[in-house]
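Fold and contact review
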Amino acid sequence: MLDAPMFGDAHTHINQYAPSEIPGIVERAQDAGVRFVICAGTTMETTRDCIRMTETHDMFYAGVGIHPMEAYQPIDEDTYIDLESLAKDNSKVVCISEIGLDFLPESPDHQIQDQVLRQQIRLARSLKLPLIFHSRESHPEVFRVFREERAHEVGGAMHYFQGDEATAQEAIECGFLISLARPLTRMRELQEVAKAIPLENIVLETDAFPQPFKKYRENWTEPRHVREVAQQLADIKGITLAEVAQVTTYNLTKLLGLEHLVRN
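Residues numbered from 1 in each chain as written. Predicted model: local features only at pLDDT ≥ 70, side-chain atom pairs only at ≥ 80, totals over all residues. Heavy atoms only, no water.

1. Here's the deal with unusual backbone geometry
Among all residues except glycine, the phi angle is most often negative; among peptide bonds, the trans geometry is most common. Glu-98 follows Ser-97 through a cis peptide bond whose omega is 15°. Phi is positive for Asp-207, which is not a glycine, with a value near 55°. Mapped onto the elements of the fold, Asp-207 is located in the loop between strand S8 (202-204) and helix H8 (226-237). For Asp-207, a relative accessible area of 12% corresponds to the buried category. (Helix = DSSP H or I, 4+ residues; strand = E, 2+ residues; numbered from the N terminus. Buried < 20%, exposed > 50% of the residue type's maximum accessible area, 1.4 Å probe, protein only.)

This is the structure we're talking about:
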């Protein structure tokens, strides 16, 4: 067992916070037992921002990716090479993230999203990096693409999961972990699904980003809140916080190739 609960945050958008906010966010995360945080790219520009953050904060790691809501044009050869270079040239890039499909009415063209997703899966397989994916109104299509593109060869996690048990099972069968966030603390139906998912198939995240729509700054989601998610999961499963921390942190470090963080 770990001497004290240690957590990782599988998915954030910390780069969207003002630089002046970051030292306090890091301190609060460390106080909560968060050892490492993944900052997900959504465009080429934000991917570079995430990578820059890893250079000044030891606990930050980066994901390289183009979000489906930013997939307004196909990934051409130059863009593919740029993404590949960003990942290859930075040892703290640990995943391809945030990618996926999003089929809301206002979302970009579905065929372009499909091409962008497939190219990024191919990049992940080439670089042997896991995928952290987003799916909104698109679960059947995402899983079809994963099977066709052999995404199971690298695996990954289904980001900000709020689906039903059947969706969770299909994701697991495709080689992916289930990434739970703060909705677990308030959605009764999600709590029932989480109860049924083996702990060995779960990682934790916050999807942290600035939330000025909330009345009080202290309520904005930060990596420190991953501990709150873990406590809720412990309560649901009738086990200790330390047990949740041990297994979910191990799952995430194994997925991202960061096992040394647990050993140290």
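2. Comments concerning the layout of surface pockets
Estimates place the volume of the largest pocket at around 480 Å³. Lining the largest pocket are 19 residues, with Glu-98, His-134, Arg-136, His-159 and Tyr-160 sitting closest to its centre. When residues in the lining of the largest pocket are grouped by element, the largest group, three residues, is from strand S5 (residues 131-136). Of the volumes computed, that of the second largest pocket is approximately 170 Å³. Counting residues per element, the lining of the second largest pocket draws most heavily on helix H9 (residues 241-256), which supplies four residues. Split by residue class, the lining of the second largest pocket holds four nonpolar, four polar and two charged. (1 Å grid on protein atoms, 1.4 Å probe; cavity = no way out; pocket = protein on both sides within 12 Å on 5 of 7 lines; lining within 4 Å. Points joined across faces, edges and corners; volume = space filled by probe spheres on them. Nonpolar A, V, L, I, M, F, W, Y, C, P; charged D, E, K, R; others polar.)

3. Quick word on the environment of Val-37
Mapped onto the elements, Val-37 comes out in strand S2 (residues 34-40). Linking Val-37 and Glu-205, residues 168 residues apart in sequence, is a C-alpha distance of 8.7 Å. If sequence neighbours within four positions are ignored, Val-37 has contacts with Asp-9, Thr-12, Ile-14, Met-59, Phe-60, Tyr-61 and Pro-223. (Contact = heavy atoms within 4.5 Å.)

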